[in-house]
Amino acid sequence: MSRPILDHQLEGYLDESLSADELTAIEGRLRADPALMDRLLAIIRRRDAGIHTLSEIWRRHRLSCPGREQLGSYLLGAMDDSDQAYVRFHIETVGCRYCMANLEDLREAARREEASRTVERRRRYFESSAGYLRRRPD
Amino acid sequence: MSSGSQVDNLLVQRIREGDDGAWRELIARYEGRLLAFAESRLRRRASSEDIVQESFIGFLNSLPNYDGRRSLESYLFSICAYKLTDHLRREGRRPTIPLASSRETGGERQVEGAARGASSIARSGERRELEEKAIVESLGEQIARWKERGDWTKLMCVELLVVCGWANKEVAARLGISEQQVANFKFDFLARLKSILKRRDLNEDVFPELHVDDRRGGNA
């Protein structure tokens, strides 16, 4: 049996702030479950009435998100164990989509940098060694 | 992130003055993370690039309303999320939301659409902003203090309770602490927030979570 969907998740669904897998799962459940759709509507009405929730404010202002530099250190494994564990928790357990996007962007940038370093290294190897190439006598 | 904010504010100022170079710089700085955000949902590169393009245009169109106190990255993500939901709805992936619970009317509304109720207008002004600002400041200080002191368990506990809405029992199991500890963290956290709102003469009734019956020693 699938896990019940919490109101906090429905709020995150409205704001597109959950992980992509979670959002897709909620979309599927909303189609099949009118009661869940009613709960979503109740949240929209509550928002329309100007009632806040701490969850929405926390997510919207990204109050506990690590900075981009910290995410870079996390990727390099250059943080203290406890800091590293918190960032992993924030990404994997809380499923912060904004931090996931930042992390993916940093990974991609690192891949590009590595690719450009590889090209540069090969060029340098070639240029420094090409003069030693001996042509076979015809 | 404060140095980043200063850089962002200068960048936005130059963009407001019509500086092409600054606009290029903003695109270079943010396109990657926005693209990753859109692509994680759409799984298609071309559509994701379109969404990011629309987001940048949306940013320029909304620039006169952009408040520099807000994080630029969060602002761009919110525009991107809006474009994304719009796209998903057009594609039929995101279910349309029936108007209120009156499915019989066959009416439809867009989530976060323009048609807001009068009560929203009544509460959408200064008061609401003050409440939100008080919460942001108070939570921000609290979280910064936990991080500084290395109180990671407390931070993770409150994040699971408040952001994810987990029950005390689940939080205790995930973090390997007792339910009593979870209840105590929750009690202290909510009591502090209530007292801050009261000190600022703000109405705590507009935060439903502050009224959870979770006395110290009890379980939610």
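Structure first, text after, so check above.
Residues numbered from 1 in each chain as written. Chains lettered and ligands numbered in written order. Predicted model: local features only at pLDDT ≥ 70, side-chain atom pairs only at ≥ 80, totals over all residues. Heavy atoms only, no water.

## Observations regarding the packing of helix H7 (residues 152-163) of chain B against helix H9 (residues 179-199) of chain B
All names here are of chain B.
Then, number 1: At a closest axis distance of 10 Å, the pairing of H7 and H9 adopts a crossing angle of 80°. If you check the angle between H7 and H9, you find them roughly perpendicular. Counted together, Thr-153, Lys-154, Cys-157, Val-158, Leu-161 and Val-162 of H7 and Val-182, Phe-185, Lys-186 and Phe-189 of H9 form the full contact between these two elements.
Then, number 2: Of the residues in the contact of H7 with H9, the class split is seven nonpolar, one polar and two charged. (Axes fitted to C-alpha atoms, helices over the stretch in contact; angles between N-to-C directions. Helix = DSSP H or I, 4+ residues; strand = E, 2+ residues; numbered from the N terminus. Parallel < 35°, antiparallel > 145°, perpendicular 65-115°, else oblique. Contact = heavy atoms within 4.5 Å. Nonpolar A, V, L, I, M, F, W, Y, C, P; charged D, E, K, R; others polar.)

## Some remarks on helix H6 (residues 81-93) of chain A
Residue and element names in this part refer to chain A.
Then, number 1: In this model H6 runs 17 Å from its N-terminal to its C-terminal C-alpha over 13 residues, within 8% of the 18 Å that 1.5 Å per residue would give.
Then, number 2: Within H6, the full set of buried residues consists of Gln-84, Tyr-86, Val-87, Phe-89, His-90 and Ile-91.
Then, number 3: Two residues or fewer past H6, Gly-95 is found with a positive phi of approximately 75°. (Expected span 1.5 Å × (residues − 1). Buried < 20%, exposed > 50% of the residue type's maximum accessible area, 1.4 Å probe, protein only.)

## Regarding the pattern of salt bridges
Then, number 1: Counting across every chain of the model gives 35 salt bridges over all chains.
Then, number 2: For Asp105(A), the salt bridge identified is with Arg68(A), shortest N-O distance 2.8 Å. On the criterion of sequence distance, the pair formed by Asp105(A) in helix H7 (residues 97-129) and Arg68(A) in helix H5 (residues 68-76) is long-range, its members being 37 residues apart.
Then, number 3: Note on Arg68(A): relative accessible area 26%, which makes it partly exposed.
Then, number 4: A salt bridge links Glu73(B) to Arg33(B), with the nearest nitrogen and oxygen atoms 2.6 Å apart. A residue pair is termed long-range when its members are at least 10 positions apart, and Glu73(B) in helix H4 (residues 72-91) and Arg33(B) in helix H2 (residues 20-42) qualify at 40 residues.
Then, number 5: Residue class for Glu73(B) comes out buried when judged on its relative accessible area of 9%.
Then, number 6: Taken together, the shared-partner salt bridges in this structure form one network comprising Glu11(A), Asp15(A), Arg46(A), Arg47(A) and Glu56(A). (Salt bridge = Lys/Arg side-chain N within 4 Å of Asp/Glu carboxyl O.)

## Some remarks on the nonpolar core
Then, number 1: In this structure, Leu26(B), Leu34(B), Phe37(B), Phe59(B) and Leu72(B) are the most contacted members of the largest nonpolar core, which totals 40 residues.
Then, number 2: Mapped by element, the contributors of at least two residues to this core are H5, H6 and H7 of chain A together with helix H1 (2-16), H2, helix H3 (45-62) and H4 of chain B.
Then, number 3: At ten residues, H2(B) tops the list of elements feeding residues into this core.
Then, number 4: The contacts of Phe59(B), once residues within four sequence positions are left out, are Val12(B), Trp23(B), Leu26(B), Leu72(B), Tyr75(B), Leu76(B) and Ile79(B). (Core = buried A, V, L, I, M, F, W, Y, C linked by side-chain atoms within 4.5 Å.)

## Here we look at the environment of Gln84(A)
Then, number 1: Relative to the helices and strands, Gln84(A) is located in helix H6.
Then, number 2: Beyond its immediate stretch of four places on either side in the chain, Gln84(A) contacts Ser73(A), Tyr74(A), Gly77(A), Ala78(A) and Met79(A).

## A word on the packing of aromatic side chains
Then, number 1: One pass over the structure, following the stated rule, counts eleven aromatic pairs over all chains.
Then, number 2: Measuring from ring centre to ring centre gives 5.7 Å for Tyr98(A) and Phe37(B), while their planes differ by 5°; the resulting arrangement is stacked. Of this pair, Tyr98(A) sits in helix H7 while Phe37(B) sits in helix H2, which puts the two residues in different chains.
Then, number 3: A residue is classified by how much of its surface remains accessible, and Tyr98(A), at 10% relative accessible area, is buried.
Then, number 4: Ring geometry for Trp146(B) against Phe189(B): centres 6.3 Å apart, planes inclined by 35°, an arrangement best described as tilted. Of this pair, Trp146(B) sits in helix H6 (residues 126-149) while Phe189(B) sits in helix H9, and the two are 43 residues apart along the sequence. Here the two residues Trp146(B) and Phe189(B) agree in accessibility, since each one is buried.
Then, number 5: Members of the aromatic cluster, joined through ring pairs, are Trp23(B), Phe56(B), Phe59(B), Tyr66(B) and Tyr75(B).
Then, number 6: The ring of Trp166(B) carries Arg3(A) above its face, with NZ or CZ at 5.8 Å from the centroid.
Then, number 7: Just above the ring of Phe37(B) sits the side chain of Arg97(A); from NZ or CZ to the centre is 3.9 Å. (Phe/Tyr/Trp six-rings, centres within 6.5 Å; stacked < 30°, edge-to-face > 60°. Lys NZ or Arg CZ within 6 Å of the ring centre and 35° of its normal.)

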